[in-house]
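# Descriptive analysis of the structure
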Amino acid sequence: MKHYIIVKWKDPAAMAGKAGEIQELFNDTLSIEGINAVTVHPSCSDRSNRHDLMIEMDMDPAALPVYDACTPHKEWKKNYGEFILQKTIFDCE
């Protein structure tokens, strides 16, 4: 399945250039059995009605609860949560 985390930052200018470090953090989830790929996509648009970052994960459905409890996920929430204005989570086949 695909697991998407789509983020709108409170201050996009302050978070510009953070995609690389977020990618590094999420790369640590690849050690979890069933997580097959992670790609961080920064937005190519600065329009105010757009979100700023998308994290795309390819995983087996059984890996989702393991991911939810893993250290990188907890670090993501701890280190970046305060900078998020809106977040959408979307899962699909």
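Every value quoted in this text rests on a predicted model; they were computed, and no experiment measured them.

## Notes on the packing of aromatic side chains
Applying the stated criterion across every chain yields a total of 6 aromatic pairs. Among the aromatic residues, those joined into a cluster by ring pairs are Trp9, Phe26, Tyr67, Trp76 and Tyr80.

## Some details on helix H2 (residues 19–27)
Of all the positions in H2, only Ile22, Gln23, Leu25 and Phe26 are classed as buried. Viewed end-on, H2 has its buried residues packed into an arc of 160 degrees, placing them on one side of the element. Buried residues in H2 make contact with strand E1 (2–9), strand E2 (35–42), strand E3 (53–59), helix H3 (64–69) and helix H4 (71–80).

## Observations regarding the environment of Tyr67
With respect to the helices and strands, Tyr67 occurs in helix H3. Judged by its relative accessible area of 0%, Tyr67 falls in the buried class. Sequence separation of Tyr67 and Val40 is 27 residues, and the distance between their C-alpha atoms is 16 Å. In contact with Tyr67, not counting residues within four places along its chain, are His3, Ile5, Phe26, Thr29, Ile32, Ile35, Met57, Met59 and His73.

Parameters and conventions
Residues numbered from 1 in each chain as written. Predicted model: local features only at pLDDT ≥ 70, side-chain atom pairs only at ≥ 80, totals over all residues. Heavy atoms only, no water. Phe/Tyr/Trp six-rings, centres within 6.5 Å; stacked < 30°, edge-to-face > 60°. Buried < 20%, exposed > 50% of the residue type's maximum accessible area, 1.4 Å probe, protein only. Helix = DSSP H or I, 4+ residues; strand = E, 2+ residues; numbered from the N terminus. Arc of directions from axis to C-beta. Contact = heavy atoms within 4.5 Å.

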